[in-house]
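Okay, here's what each chain looks like letter by letter:
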Amino acid sequence: MDQPKNPGLAAVLSFLIAGLGQIYNGQFAKGIIFIIVYFFSWLLMFVLIGFITTPILWIWGMYDAYKVAERHNQRISTGM
C-alpha cells in the first residue's frame, strides 16, 4: 500500500532544490526534468531571460510538488 506524502515537506524540498519535491512524491522523471530545466534557466540569467524563467520554475515546482502530494493522499484515503 502507498504511504501518505507530506505536502509541506514536498514543497520545502522543492524550495531547496527545484525537482526534489517531485522526486519525493515518486515522480522521478519529472523531478530530473525539473532539475535540468531549472539549471538551464539559471544559465539563461546571463542573457536576462533567466530572471523571468527561474522564479517561475521555482514557484511552479513548489506548487506542483504540494498539489501532487495532496492528490496522492486523497487517492489513498478514498481507496482509488
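Residues numbered from 1 in each chain as written. Predicted model: local features only at pLDDT ≥ 70, side-chain atom pairs only at ≥ 80, totals over all residues. Heavy atoms only, no water.

Caption draft 1: Molecular detail of the packing of helix H1 (residues 7-16) against helix H4 (residues 50-78). It is the contact of H1 with H4, at a shortest axis distance of 8 Å, that shows an interaxial angle of 160 degrees. Considering the angle they form, H1 stands roughly antiparallel to H4. As H1 packs across H4, the resulting crossing turns out to be right-handed. Contacts between H1 and H4 pair Pro7, Gly8, Ala10, Ala11, Ser14 and Phe15 from the former with Trp58, Gly61, Met62, Ala65, Tyr66, Ala69, Glu70 and Asn73 from the latter. (Axes fitted to C-alpha atoms, helices over the stretch in contact; angles between N-to-C directions. Helix = DSSP H or I, 4+ residues; strand = E, 2+ residues; numbered from the N terminus. Parallel < 35°, antiparallel > 145°, perpendicular 65-115°, else oblique. Left-handed = near helix turned anticlockwise from the far one by under 90°. Contact = heavy atoms within 4.5 Å.)

Caption draft 2: Up close: helix H3 (residues 28-43). Helix length check: H3, at 16 residues, gives a terminal C-alpha distance of 23 Å against a target of 22 Å (1.5 Å per residue), a fit within 8%. Of the positions making up H3, those classed as buried are Gly31, Phe34, Tyr38 and Ser41. Across the axial projection of H3, the buried residues extend over an arc of 85 degrees, all falling on one side. Turned more than 90 degrees away from the buried face of H3 sit Phe28, Ala29 and Ile33, all of them exposed. For H3, the elements touching its buried residues are helix H2 (20-24) and H4. (Expected span 1.5 Å × (residues − 1). Buried < 20%, exposed > 50% of the residue type's maximum accessible area, 1.4 Å probe, protein only. Arc of directions from axis to C-beta.)

Caption draft 3: Just the pattern of salt bridges, in detail. In this structure the tally under the stated criterion is two salt bridges. As a salt-bridge pair, Lys30 and Asp64 come within 2.9 Å of each other at their nearest N and O atoms. Of the two residues, Lys30 sits in helix H3 while Asp64 sits in helix H4, which places them 34 residues apart along the sequence. What makes Asp64 buried here is its relative accessible area of 11%. For Lys67, the salt bridge identified is with Glu70, shortest N-O distance 3.2 Å. Here the residue Lys67 and the residue Glu70 both occupy positions in helix H4, the gap between them amounting to three residues, near one helical turn. (Salt bridge = Lys/Arg side-chain N within 4 Å of Asp/Glu carboxyl O.)

Caption draft 4: Representation of the side chain of Gln22. Tracing the backbone through its elements, the reader meets Gln22 in helix H2. Within polar-contact distance, the side chain of Gln22 engages the backbone oxygen of Gly61 at 3.0 Å. Other than its neighbours up to four places away in sequence, Gln22 contacts Ser14, Gln27, Lys30, Gly31, Phe34, Gly61, Asp64 and Ala65. (Polar contact = N/O pair within 3.5 Å; in protein donor to acceptor, adjacent residues only side chain to side chain.)

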